[in-house]
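Listed below are the residues making up each chain.
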Amino acid sequence: MTKQRKGLPLKTLHISQDASHSSEVLCRAADILRRGGLVVFPTETVYGLGGDATSAASSQKIYAAKGRPSDNPLIIHIAHPEDAARYAYVCPTYERLAKAFMPGPLTVILPKRDIVPPETTGGLDSVAVRCPSHPVARALIEACGVAIAAPSANRSGKPSPTCAAHVADDMDGLVDMIIDGGECDIGLESTIVRIDGEDAVTLLRPGAITYDALCMVVSHVTIASAVLEKLAENERPLSPGMKYRHYAPDAPLVLLDGEREDVLAFLCEEQKSKQCAVLCYDEEVSSLESAMLYPVGRADDIAAQAKVLFRHLRDADRASPDVIYAHLPPREGLGLALYNRMIRAAAFAVRRIP
Ligand code: AMP
Ligand code: MG
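Each chain has its residues counted from 1, following the order in which its sequence is written. Going through the entries in the order they are written, you letter the chains from A and number the ligands from 1. Residue-level local features of this predicted model are given only where pLDDT is at least 70; pairs of side-chain atoms are given and counted only at 80 or more, and the full residue set underlies all totals for whole chains, interfaces and linings. Note that the side-chain values use all heavy atoms of the structure and ignore hydrogens as well as water.

Visitor: How would you sum up the packing of helix α1 (residues 23-34) against helix α5 (residues 135-144)? Please name residues and give values.
Guide: One can describe the packing of α1 onto α5 by two numbers: an axis separation of 8 Å at closest approach and a directional angle of 55 degrees. Of the possible angle classes, the one that applies to α1 and α5 is oblique. Judged by the twist between their axes, the crossing of α1 over α5 is right-handed. Taken together, the residues of α5 that come into contact with α1 (itself represented by L26, A29, A30, L33 and R34) are V136, A139, L140, A143 and C144. Here the residues of the contact of α1 with α5 are counted per class, giving nine nonpolar, no polar and one charged. Note on geometry: axes are C-alpha line fits, over the in-contact stretch for helices, and angles between N-to-C directions span 0 to 180 degrees. Each helix is a run of H or I in the DSSP string that is no shorter than four residues. Each strand is a run of E no shorter than two, and both are numbered from the N terminus. Should an angle lie under 35 degrees it is considered roughly parallel, over 145 roughly antiparallel, and from 65 to 115 roughly perpendicular; all remaining angles are considered oblique. Should the near helix be turned anticlockwise from the far one by less than a right angle, the crossing is left-handed, and should it be turned clockwise, the crossing is right-handed. Two residues qualify as a contact provided that any one of their heavy atoms is within 4.5 Å of a heavy atom in the partner residue. When residue character is reported, Ala, Val, Leu, Ile, Met, Phe, Trp, Tyr, Cys and Pro are called nonpolar, Asp, Glu, Lys and Arg charged, and the others, Gly included, polar.

Shown next, in the form of C-alpha coordinates:
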(Lines give C-alpha, C1' and ligand atoms only; values in the text may rest on other atoms or scores of the structure.)
(Ligands and ions follow the chains in the order given, each with its own letter.)
Protein backbone atom coordinates (compact mmCIF):
# COMPACT_ATOMS: atom_id res chain seq x y z
CA MET A 1 0.00 0.00 0.00
CA THR A 2 1.34 3.47 -0.88
CA LYS A 3 0.16 6.63 0.84
CA GLN A 4 1.24 10.22 0.53
CA ARG A 5 0.73 12.64 3.39
CA LYS A 6 -0.21 16.16 2.48
CA GLY A 7 2.81 18.44 2.30
CA LEU A 8 5.29 15.61 2.94
CA PRO A 9 7.82 14.80 0.26
CA LEU A 10 7.72 11.01 -0.11
CA LYS A 11 5.23 8.33 -1.01
CA THR A 12 5.90 5.71 1.64
CA LEU A 13 5.52 2.09 0.62
CA HIS A 14 4.00 0.08 3.49
CA ILE A 15 4.94 -3.61 3.54
CA SER A 16 2.64 -5.90 5.54
CA GLN A 17 3.99 -8.38 8.07
CA ASP A 18 2.98 -11.28 5.81
CA ALA A 19 5.15 -9.93 3.00
CA SER A 20 8.07 -8.87 5.23
CA HIS A 21 10.09 -12.07 4.66
CA SER A 22 9.60 -12.24 0.89
CA SER A 23 12.81 -12.08 -1.12
CA GLU A 24 11.14 -9.75 -3.63
CA VAL A 25 10.37 -7.22 -0.88
CA LEU A 26 13.84 -7.52 0.63
CA CYS A 27 15.50 -7.03 -2.79
CA ARG A 28 13.39 -3.95 -3.40
CA ALA A 29 14.21 -2.56 0.07
CA ALA A 30 17.93 -3.25 -0.47
CA ASP A 31 17.74 -1.48 -3.81
CA ILE A 32 16.17 1.59 -2.17
CA LEU A 33 18.97 1.62 0.42
CA ARG A 34 21.75 1.25 -2.15
CA ARG A 35 20.29 4.16 -4.13
CA GLY A 36 20.42 6.36 -1.03
CA GLY A 37 16.81 5.97 0.17
CA LEU A 38 15.44 5.24 3.65
CA VAL A 39 13.78 2.01 4.80
CA VAL A 40 12.28 1.39 8.25
CA PHE A 41 12.76 -2.22 9.37
CA PRO A 42 11.96 -4.27 12.48
CA THR A 43 14.61 -5.41 14.93
CA GLU A 44 14.34 -7.35 18.19
CA THR A 45 14.76 -4.10 20.18
CA VAL A 46 12.78 -1.32 18.42
CA TYR A 47 12.19 -0.34 14.76
CA GLY A 48 15.20 1.14 12.95
CA LEU A 49 15.25 3.98 10.41
CA GLY A 50 17.80 2.65 7.93
CA GLY A 51 20.11 4.17 5.34
CA ASP A 52 23.44 3.12 3.74
CA ALA A 53 26.00 3.53 6.56
CA THR A 54 28.81 4.30 4.09
CA SER A 55 26.95 7.18 2.43
CA ALA A 56 27.22 10.67 3.91
CA ALA A 57 24.09 11.72 1.99
CA SER A 58 22.04 8.81 3.40
CA SER A 59 23.05 9.65 6.96
CA GLN A 60 22.11 13.29 6.40
CA LYS A 61 18.70 12.11 5.18
CA ILE A 62 18.25 10.02 8.34
CA TYR A 63 18.94 13.06 10.55
CA ALA A 64 16.49 15.14 8.51
CA ALA A 65 13.71 12.51 8.65
CA LYS A 66 14.15 12.08 12.42
CA GLY A 67 14.60 15.76 13.16
CA ARG A 68 17.71 14.70 15.10
CA PRO A 69 20.79 16.85 15.76
CA SER A 70 23.54 15.64 13.43
CA ASP A 71 26.16 15.37 16.19
CA ASN A 72 24.22 12.48 17.76
CA PRO A 73 25.84 9.48 16.02
CA LEU A 74 24.07 6.54 14.39
CA ILE A 75 24.44 2.83 15.14
CA ILE A 76 25.51 0.77 12.12
CA HIS A 77 23.91 -2.65 11.68
CA ILE A 78 25.80 -5.62 10.25
CA ALA A 79 24.60 -9.09 9.20
CA HIS A 80 27.43 -11.06 10.84
CA PRO A 81 29.62 -10.18 13.86
CA GLU A 82 32.81 -10.63 11.80
CA ASP A 83 31.64 -7.93 9.32
CA ALA A 84 32.53 -5.35 11.99
CA ALA A 85 36.16 -5.54 10.77
CA ARG A 86 35.11 -3.92 7.47
CA TYR A 87 33.90 -0.79 9.25
CA ALA A 88 35.92 -0.67 12.48
CA TYR A 89 39.15 -1.80 14.13
CA VAL A 90 38.14 -4.80 16.21
CA CYS A 91 40.01 -6.23 19.20
CA PRO A 92 39.93 -9.42 21.33
CA THR A 93 37.41 -7.85 23.75
CA TYR A 94 35.04 -7.17 20.83
CA GLU A 95 35.47 -10.74 19.67
CA ARG A 96 34.59 -12.11 23.11
CA LEU A 97 31.52 -9.86 23.35
CA ALA A 98 30.47 -10.82 19.81
CA LYS A 99 30.83 -14.53 20.55
CA ALA A 100 28.72 -14.20 23.70
CA PHE A 101 25.99 -11.78 22.59
CA MET A 102 25.78 -11.44 18.80
CA PRO A 103 23.52 -11.56 16.93
CA GLY A 104 21.53 -9.77 19.62
CA PRO A 105 20.76 -6.50 21.41
CA LEU A 106 24.35 -5.34 22.05
CA THR A 107 26.04 -2.32 20.44
CA VAL A 108 29.81 -1.92 20.72
CA ILE A 109 31.69 1.34 20.15
CA LEU A 110 34.95 0.79 18.22
CA PRO A 111 37.50 3.00 16.40
CA LYS A 112 36.09 3.57 12.91
CA ARG A 113 37.63 2.87 9.51
CA ASP A 114 37.54 5.45 6.68
CA ILE A 115 34.71 3.64 4.87
CA VAL A 116 32.34 5.08 7.51
CA PRO A 117 31.89 8.80 6.80
CA PRO A 118 31.93 11.32 9.67
CA GLU A 119 28.29 12.15 8.86
CA THR A 120 27.33 8.68 10.16
CA THR A 121 29.28 9.05 13.42
CA GLY A 122 28.41 12.64 14.25
CA GLY A 123 32.02 13.60 13.48
CA LEU A 124 33.48 11.10 15.99
CA ASP A 125 36.37 8.81 15.09
CA SER A 126 34.53 5.87 16.66
CA VAL A 127 31.54 3.95 15.35
CA ALA A 128 28.74 2.07 17.11
CA VAL A 129 28.30 -1.46 15.68
CA ARG A 130 25.43 -3.87 16.22
CA CYS A 131 24.44 -7.21 14.71
CA PRO A 132 20.68 -7.60 15.23
CA SER A 133 19.07 -11.04 15.62
CA HIS A 134 15.75 -10.22 13.94
CA PRO A 135 15.51 -12.37 10.78
CA VAL A 136 14.07 -9.53 8.63
CA ALA A 137 16.79 -7.12 9.76
CA ARG A 138 19.54 -9.65 9.03
CA ALA A 139 18.09 -10.62 5.64
CA LEU A 140 17.81 -6.95 4.69
CA ILE A 141 21.41 -6.13 5.65
CA GLU A 142 22.59 -9.24 3.79
CA ALA A 143 20.62 -8.27 0.68
CA CYS A 144 21.94 -4.71 0.87
CA GLY A 145 25.57 -5.89 0.98
CA VAL A 146 26.58 -2.96 3.15
CA ALA A 147 26.04 -1.95 6.79
CA ILE A 148 22.80 -0.09 7.51
CA ALA A 149 22.96 2.98 9.73
CA ALA A 150 19.77 3.05 11.78
CA PRO A 151 18.66 5.03 14.79
CA SER A 152 15.25 4.31 16.32
CA ALA A 153 12.51 5.09 13.77
CA ASN A 154 10.75 7.78 15.81
CA ARG A 155 10.77 11.52 15.31
CA SER A 156 13.26 12.99 17.79
CA GLY A 157 11.56 13.52 21.15
CA LYS A 158 9.00 10.70 20.72
CA PRO A 159 9.28 7.24 22.31
CA SER A 160 11.01 4.61 20.17
CA PRO A 161 8.48 2.71 18.02
CA THR A 162 7.83 -0.94 18.85
CA CYS A 163 5.22 -1.61 16.14
CA ALA A 164 4.71 -0.50 12.52
CA ALA A 165 1.67 1.66 13.38
CA HIS A 166 3.83 3.84 15.66
CA VAL A 167 6.45 4.09 12.92
CA ALA A 168 3.78 5.20 10.44
CA ASP A 169 2.51 7.85 12.93
CA ASP A 170 5.98 9.44 12.94
CA MET A 171 7.53 8.56 9.58
CA ASP A 172 4.84 8.27 6.93
CA GLY A 173 5.82 10.59 4.07
CA LEU A 174 9.40 10.93 5.36
CA VAL A 175 10.81 7.53 4.33
CA ASP A 176 10.60 5.38 1.20
CA MET A 177 9.46 2.14 2.81
CA ILE A 178 8.20 0.80 6.14
CA ILE A 179 8.46 -2.96 6.69
CA ASP A 180 6.02 -4.28 9.30
CA GLY A 181 7.59 -7.02 11.43
CA GLY A 182 4.93 -7.08 14.15
CA GLU A 183 5.62 -6.10 17.76
CA CYS A 184 9.29 -5.93 18.78
CA ASP A 185 10.32 -8.69 21.19
CA ILE A 186 12.32 -6.58 23.65
CA GLY A 187 10.81 -3.10 23.29
CA LEU A 188 13.83 -1.16 24.64
CA GLU A 189 16.87 -0.05 22.62
CA SER A 190 20.12 -2.05 22.63
CA THR A 191 22.73 -2.13 25.38
CA ILE A 192 25.66 0.13 24.36
CA VAL A 193 29.22 -0.45 25.60
CA ARG A 194 32.47 1.33 24.85
CA ILE A 195 35.63 -0.78 24.91
CA ASP A 196 38.14 0.84 27.26
CA GLY A 197 41.00 -1.56 26.62
CA GLU A 198 41.85 -5.20 27.16
CA ASP A 199 39.03 -6.80 29.18
CA ALA A 200 37.33 -3.51 30.19
CA VAL A 201 34.16 -1.77 29.00
CA THR A 202 31.95 1.14 30.04
CA LEU A 203 28.19 0.62 29.91
CA LEU A 204 26.80 3.72 28.17
CA ARG A 205 23.19 2.60 27.78
CA PRO A 206 21.61 -0.38 29.57
CA GLY A 207 19.46 -2.80 27.56
CA ALA A 208 18.53 -6.46 27.37
CA ILE A 209 22.20 -7.53 27.60
CA THR A 210 22.43 -6.82 31.31
CA TYR A 211 25.30 -5.61 33.49
CA ASP A 212 25.53 -9.08 35.05
CA ALA A 213 25.67 -10.74 31.62
CA LEU A 214 28.50 -8.39 30.56
CA CYS A 215 30.40 -9.19 33.77
CA MET A 216 30.40 -12.88 32.81
CA VAL A 217 32.44 -12.03 29.70
CA VAL A 218 34.48 -8.92 30.59
CA SER A 219 36.35 -8.50 33.91
CA HIS A 220 35.93 -4.74 34.30
CA VAL A 221 32.48 -3.27 33.57
CA THR A 222 31.94 0.35 34.62
CA ILE A 223 28.46 1.85 34.55
CA ALA A 224 28.58 5.43 33.18
CA SER A 225 27.11 7.78 35.77
CA ALA A 226 24.63 9.17 33.22
CA VAL A 227 22.89 5.75 33.13
CA LEU A 228 21.40 6.36 36.57
CA GLU A 229 21.74 10.07 37.15
CA LYS A 230 21.14 13.38 35.47
CA LEU A 231 24.13 14.69 33.54
CA ALA A 232 25.66 17.52 35.58
CA GLU A 233 25.55 21.08 34.14
CA ASN A 234 29.06 21.14 32.67
CA GLU A 235 29.69 17.39 32.45
CA ARG A 236 31.04 16.14 29.12
CA PRO A 237 28.86 13.19 28.03
CA LEU A 238 30.62 9.89 27.19
CA SER A 239 28.03 9.37 24.46
CA PRO A 240 26.57 12.36 22.60
CA GLY A 241 23.02 10.99 22.98
CA MET A 242 23.26 11.42 26.77
CA LYS A 243 23.08 15.18 26.53
CA TYR A 244 19.84 15.35 24.58
CA ARG A 245 16.46 15.63 26.19
CA HIS A 246 14.78 12.25 26.11
CA TYR A 247 11.18 11.52 25.48
CA ALA A 248 8.93 13.07 28.09
CA PRO A 249 5.14 12.79 27.89
CA ASP A 250 3.07 16.01 27.73
CA ALA A 251 1.58 15.24 31.14
CA PRO A 252 4.10 14.94 33.99
CA LEU A 253 5.16 11.34 34.59
CA VAL A 254 5.81 10.61 38.27
CA LEU A 255 7.43 7.38 39.47
CA LEU A 256 6.11 6.02 42.74
CA ASP A 257 8.46 4.34 45.19
CA GLY A 258 6.87 2.47 48.08
CA GLU A 259 5.13 -0.65 49.36
CA ARG A 260 2.36 -1.94 47.10
CA GLU A 261 -0.52 -1.20 49.55
CA ASP A 262 0.72 2.34 50.21
CA VAL A 263 1.07 3.08 46.50
CA LEU A 264 -2.42 1.74 45.76
CA ALA A 265 -3.92 3.82 48.59
CA PHE A 266 -2.14 6.90 47.26
CA LEU A 267 -3.43 6.28 43.72
CA CYS A 268 -7.03 5.77 44.90
CA GLU A 269 -6.84 9.10 46.75
CA GLU A 270 -5.28 10.93 43.80
CA GLN A 271 -7.93 9.62 41.39
CA LYS A 272 -10.61 11.49 43.36
CA SER A 273 -9.27 14.88 42.33
CA LYS A 274 -7.22 14.32 39.17
CA GLN A 275 -7.39 12.60 35.79
CA CYS A 276 -4.67 10.06 36.45
CA ALA A 277 -3.24 7.67 33.88
CA VAL A 278 -1.67 4.74 35.71
CA LEU A 279 0.86 2.25 34.38
CA CYS A 280 -0.05 -0.46 36.87
CA TYR A 281 0.85 -4.10 37.37
CA ASP A 282 -1.68 -6.62 36.02
CA GLU A 283 -2.57 -7.79 39.53
CA GLU A 284 -3.51 -4.22 40.54
CA VAL A 285 -6.16 -3.64 37.87
CA SER A 286 -9.07 -4.75 40.06
CA SER A 287 -7.98 -2.40 42.89
CA LEU A 288 -7.88 0.75 40.76
CA GLU A 289 -10.96 2.40 39.33
CA SER A 290 -9.60 4.51 36.55
CA ALA A 291 -10.58 4.76 32.91
CA MET A 292 -6.91 5.29 32.18
CA LEU A 293 -5.22 2.11 33.34
CA TYR A 294 -2.34 0.71 31.34
CA PRO A 295 -1.45 -2.76 32.66
CA VAL A 296 2.26 -3.37 32.09
CA GLY A 297 2.50 -7.04 33.09
CA ARG A 298 2.97 -8.72 36.44
CA ALA A 299 5.17 -7.00 39.03
CA ASP A 300 7.86 -9.67 38.72
CA ASP A 301 7.83 -9.73 34.90
CA ILE A 302 10.28 -6.98 33.91
CA ALA A 303 10.56 -8.32 30.33
CA ALA A 304 6.81 -7.82 29.82
CA GLN A 305 7.03 -4.31 31.31
CA ALA A 306 9.95 -3.40 29.02
CA LYS A 307 8.06 -4.62 25.97
CA VAL A 308 5.02 -2.36 26.51
CA LEU A 309 6.60 0.75 28.08
CA PHE A 310 6.91 2.87 24.93
CA ARG A 311 3.47 1.82 23.60
CA HIS A 312 1.82 2.74 26.90
CA LEU A 313 3.60 6.08 27.08
CA ARG A 314 2.34 6.95 23.58
CA ASP A 315 -1.21 5.82 24.48
CA ALA A 316 -1.23 7.59 27.86
CA ASP A 317 -0.09 10.80 26.20
CA ARG A 318 -2.94 10.59 23.71
CA ALA A 319 -5.51 10.35 26.56
CA SER A 320 -4.33 13.80 27.86
CA PRO A 321 -4.38 13.02 31.60
CA ASP A 322 -3.39 15.56 34.31
CA VAL A 323 -0.62 13.24 35.45
CA ILE A 324 0.81 9.80 34.62
CA TYR A 325 1.86 7.54 37.49
CA ALA A 326 4.02 4.43 37.25
CA HIS A 327 5.99 2.24 39.65
CA LEU A 328 9.68 3.00 40.06
CA PRO A 329 11.36 -0.06 38.51
CA PRO A 330 14.10 -2.01 40.29
CA ARG A 331 17.64 -1.45 39.02
CA GLU A 332 18.65 -5.10 38.81
CA GLY A 333 18.90 -7.14 35.61
CA LEU A 334 16.73 -5.83 32.78
CA GLY A 335 15.22 -3.48 35.40
CA LEU A 336 18.25 -1.19 34.96
CA ALA A 337 17.28 -0.53 31.32
CA LEU A 338 13.66 0.07 32.26
CA TYR A 339 14.77 2.37 35.11
CA ASN A 340 17.08 4.30 32.76
CA ARG A 341 14.29 4.98 30.21
CA MET A 342 11.55 5.71 32.79
CA ILE A 343 13.58 8.02 35.00
CA ARG A 344 14.34 10.15 31.92
CA ALA A 345 10.75 10.13 30.66
CA ALA A 346 9.82 11.28 34.19
CA ALA A 347 12.53 13.98 34.17
CA PHE A 348 13.79 12.30 37.40
CA ALA A 349 10.47 12.89 39.26
CA VAL A 350 10.25 10.17 41.94
CA ARG A 351 7.76 10.34 44.82
CA ARG A 352 8.45 8.28 47.91
CA ILE A 353 5.26 6.91 49.52
CA PRO A 354 4.34 7.39 52.28
P1 AMP B 1 19.58 5.49 18.79
O2 AMP B 1 20.17 5.55 17.43
O3 AMP B 1 18.38 6.33 18.91
O4 AMP B 1 19.41 4.08 19.30
O5 AMP B 1 20.71 6.11 19.72
C6 AMP B 1 22.04 5.70 19.52
C7 AMP B 1 22.86 6.08 20.70
O8 AMP B 1 24.19 5.56 20.48
C9 AMP B 1 22.98 7.57 20.91
O10 AMP B 1 22.71 7.87 22.25
C11 AMP B 1 24.44 7.86 20.57
O12 AMP B 1 24.94 8.90 21.35
C13 AMP B 1 25.13 6.53 20.86
N14 AMP B 1 26.32 6.39 20.00
C15 AMP B 1 26.34 6.10 18.69
N16 AMP B 1 27.60 6.11 18.22
C17 AMP B 1 28.41 6.43 19.25
C18 AMP B 1 29.81 6.62 19.40
N19 AMP B 1 30.64 6.50 18.36
N20 AMP B 1 30.28 6.95 20.63
C21 AMP B 1 29.44 7.06 21.68
N22 AMP B 1 28.10 6.91 21.60
C23 AMP B 1 27.58 6.59 20.41
MG1 MG C 1 16.48 6.69 19.76
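Having seen the structure, we can now continue with the description.
Visitor: Account for the side chain of D52, with residues named and values stated.
Guide: Relative to the helices and strands, D52 is located in strand β4 (residues 48-52). Throughout this description, buried means an accessible area under 20% of the type-specific maximum (1.4 Å probe, protein chains only), exposed means over 50%, and partly exposed covers the range between. Counted as positive: Lys and Arg. Counted as negative: Asp and Glu, with His and the chain ends omitted from the count. By definition here, a salt bridge exists when the distance from a side-chain nitrogen of Lys or Arg to a carboxyl oxygen of Asp or Glu is within 4 Å. Buried charge without a partner: D52 forms no salt bridge, and the closest opposite charge is R86, 7.8 Å away. Two N or O atoms form a polar contact when they lie within 3.5 Å of each other; inside protein one atom must be a possible hydrogen donor and the other a possible acceptor, and for residues adjacent in sequence the pair counts only when both atoms belong to side chains. A polar side-chain atom of D52 sits 2.7 Å from a polar atom in the side chain of T54. If sequence neighbours within four positions are ignored, D52 has contacts with L33, S58, S59, V146 and A147.

Visitor: For the pairing of strand β13 (residues 253-257), give the residues involved together with the corresponding values.
Guide: In the case of a regular strand, side chains alternate between the two sheet surfaces. Burial analysis of β13 places four of its five residues in the buried class, the great majority of the element. Bridge count for β13 against strand β15 (residues 323-327) is four bridges, and the pairing is parallel. Opposite L255, over in β15, you have A326 as the bridge partner. For two strands to be treated as a pair, DSSP must find at least two bridges joining them.

Visitor: Just give me the short version of the packing of aromatic side chains, but keep the residues and values in it.
Guide: Put simply, two rings from Phe, Tyr or Trp (the six-membered ring, in Trp's case) pair if the centres are within 6.5 Å, and we call them stacked under 30 degrees between planes, edge-to-face over 60, tilted for the rest. Summed over all chains, the structure comprises one aromatic pair. Ring centres of F266 and Y325 lie 5.4 Å apart, and the angle between their planes is 80 degrees; on these two criteria the pair is classed as edge-to-face. You can see F266 sitting in helix α8 (residues 260-273) and its partner Y325 sitting in strand β15, a full 59 residues away along the chain. Of the two residues, F266 and Y325, both sit in the buried class. Above the ring of Y89, the side-chain terminus of R113 is found at 4.1 Å from the ring centroid. Note on criteria: charge over ring means Lys NZ or Arg CZ within 6 Å of the ring centre, with the direction from the centre no more than 35 degrees off the ring normal.

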